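Structural characterization, general
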Amino acid sequence: MSAEIYLITPQQIPILKRFCDELSAVLDTGLVACLQLRLKNVKDDLLIRVAETILPVCHSRGVPLLLNDRPDLAVRVGCDGCHVGQNDISYEDARMIMGPKAQIGVTCNNSRHLAMKAGEAGADYVAFGAFFPSDSKYDVPIASIDILTWWAELMTIPCVAIGGITEHNCKLLVRAGSDFLAVINAVWGHHGGPVVGIKAFDLSLKDNEY
Ligand SMILES: Cc1ncc(COP(=O)(O)OP(=O)(O)O)c(N)n1
Ligand SMILES: Cc1ncsc1CCOP(=O)(O)O
Ligand SMILES: [Mg+2]
């Protein structure tokens, strides 16, 4: 079993130039399957500016960029897709806005019903979590790891695990069947810096004591 890393940006980016340098170094490792830009409580013009700035950093390294919450701005910037949650625009409306080629994922928390609904509607992936307490988002229910196994045994649509995932607990989720591991703080907040953080995940996932 294997899983890929779905990296999500920190929800605030105080110094864009410094972040782009860090992001470039992280993506140069070749260990990131896709990046989600997830800024919270910022005005549209800033979100657009950040997205337009990091898009070439991603695309020059063959890494798709997804925008959180806002398919309208994702299209405007030229992002490869978006991610929508249960309190955001619907998957159906996001698909209408972004078209058939976009990669659109849906938050399904700990719900088999929401996942089946999103899968049947045409979502490109479903996201389950939070599996562990998260320092990046507090208002999320804790999901049971068996939902990953249920999905992996039943469906071919990829599933993403999210929430408090670290180099130390990620193998549990991969063993359960997760295709992608969505992470924020374990990389951007790693004591050795984000490049060491992403490499630590890779080392842990390569360790084949599953
Ligand atoms: C890959 C992935 N999974 C879940 C989320 C959470 O989305 P949502 O529930 O809409 O919450 P916010 O991230 O918008 O606060 C996500 N962004 N990405
Ligand atoms: C966006 C989101 N949705 C559920 S938990 C979470 C935050 C994940 O961040 P971290 O990897 O730092 O726990
Ligand atoms: Mg959202």
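Residues numbered from 1 in each chain as written. Chains lettered and ligands numbered in written order. Predicted model: local features only at pLDDT ≥ 70, side-chain atom pairs only at ≥ 80, totals over all residues. Heavy atoms only, no water.

**Digging into the coordination of the magnesium ion (ligand 3)**
Condition: In this listing, donors mean N, O and S atoms no farther than 2.8 Å from the metal, or 3.2 Å for Na, K and Ca; water is missing from the atoms, so a site can look incomplete. To qualify as a helix, a DSSP run of H or I must reach at least 4 residues; to qualify as a strand, a run of E must reach at least 2; elements of each kind are numbered from the N terminus. Burial classes: relative accessible area under 20% of the type maximum marks a residue as buried, over 50% as exposed, and values in between as partly exposed (1.4 Å probe, protein chains only).
Around the magnesium ion (ligand 3), the protein supplies D69 (OD) and D88 (OD) as donor atoms, at distances of 2.0 to 2.1 Å. With D69 in the loop between β3 (65-68) and α3 (71-77) and D88 in the loop between β4 (81-84) and α4 (91-98), this residue pair connects regions lying 19 residues apart in the sequence. For D88, a relative accessible area of 30% puts it in the partly exposed group.

**Some points on the pattern of salt bridges**
Defined as follows: For this analysis, a salt bridge means a side-chain nitrogen from Lys or Arg found within 4 Å of a carboxyl oxygen belonging to Asp or Glu.
Tallying each qualifying case throughout the model produces nine salt bridges. R61 is the salt-bridge partner of D28, the closest N and O atoms lying 2.5 Å from each other. Residue D28 is located in the loop between α1 (16-27) and β2 (32-37), and its partner R61 is located in the loop between α2 (44-59) and β3; the two are separated by 33 residues in the primary sequence. Residue D28 is classed as exposed on the basis of its relative accessible area, which comes to 54%. We classify R61 as partly exposed; its relative accessible area is 30%. Across the pair D124 and R95 runs a salt bridge whose closest N-O atoms are separated by 2.7 Å. Placement of the pair is D124 in the loop between α5 (112-121) and β6 (125-129) and R95 in helix α4, with a sequence separation of 29 residues.

**Remarks on the UniProt feature "binding site: Mg(2+)" (unreviewed entry) in the protein**
Quick reminder of the rule: UniProt positions are given in the numbering used here, feature names are shortened, and annotations may be inferred rather than shown by experiment. Whenever a nitrogen or oxygen atom comes within 3.5 Å of another N or O atom, the pair is scored as a polar contact, on the condition that within protein one atom can donate a hydrogen and the other can accept it, and that pairs from neighbouring residues in sequence are kept only if both atoms are in side chains.
Taking the numbering used here, the UniProt-annotated feature "binding site: Mg(2+)" (unreviewed entry) corresponds to D69 and D88. With the annotated positions falling across 20 residues, the maximum pairwise C-alpha distance of 6.1 Å places them together in a single cluster. Judged by relative accessible area, D69 falls into the buried class, the value being 18%. A polar contact of 2.6 Å, which involves the side chain of D69, links it to the side chain of K40.

**Notes on the site of ligand 1**
Applicable threshold: One heavy atom suffices: a residue is near a molecule or strand as soon as one of its heavy atoms comes within 4 Å of it. Note that accessible areas follow from Shrake-Rupley with a 1.4 Å probe, and for residues the cover is restricted to the protein chains shown.
In the vicinity of ligand 1 lie 14 residues, with R38, K40, D88, T107 and K137 positioned nearest. In this structure, a nitrogen atom belonging to ligand 1 sits 3.0 Å away from a side-chain N or O atom of Q36. Between an oxygen atom of ligand 1 and a side-chain N or O atom of D88, the distance comes to 2.8 Å. Look at ligand 1: alone it shows 420 Å² of surface, and the protein chains cover 90% of it.

**Topic: the pairing of β2**
What counts here: The pairing criterion for strands is at least two bridges between them, as found by DSSP. Every crossover in which the path from the first strand over the helix to the second runs clockwise, viewed with the strands pointing away from the viewer, is termed right-handed.
Buried residues dominate β2, accounting for five of its six residues. For strand β1 (residues 4-8) and β2, the ladder comprises four bridges, and the chain directions are parallel. Opposite L7, over in β2, you have L35 as the bridge partner. Two strands pair when backbone bridges link them, and β2 and β3 are joined in this way by three bridges, in the parallel orientation. Across the sheet, L35 pairs through a bridge with L65, a residue of β3. In this fold, the crossover linking β2 to β3 by way of α2 has right-handed handedness.

**Some details on the sheet that holds β3**
Rules: An axis is simply a line fitted to the C-alpha atoms; with a helix, the fit covers only the stretch in contact. Between two such axes, the angle follows the N-to-C directions and lies from 0 to 180 degrees. Here, residues are in contact when the closest pair of their heavy atoms is within 4.5 Å.
Here eight strands make up a closed barrel; going around it, the order is β1-β2-β3-β4-β5-β6-β7-β8 and the pairing parallel. Between one strand axis and the next, the sheet turns through 25° on average, direction left out of account. Two elements, strand β5 (residues 103-109) and β6, share four bridges in a ladder whose sense is parallel. If you follow G105 over to β6, its bridge partner there is Y125. Its contacts with the sheet place helix α6 (residues 146-154) against β6 and β7 (159-162), and it is angled at close to 160° to β6.

**Focus: the environment of V195**
Topologically, V195 is positioned in helix α9 (residues 194-206). Given the relative accessible area of 24%, V195 is considered partly exposed. It is 8.7 Å that separates the C-alpha atoms of V195 and L27, two residues lying 168 residues apart in sequence.

**Side note on unusual backbone geometry**
The omega torsion of the bond from G129 to A130 falls at 10°, within 30 degrees of zero and hence cis. With respect to the helices and strands, A130 occurs in the loop between β6 and α6. Residues other than glycine seldom take positive phi values, yet N109 does so here, at roughly 45°. Position of N109 among the secondary structure elements: in strand β5. Judged by relative accessible area, N109 falls into the partly exposed class, the value being 22%.

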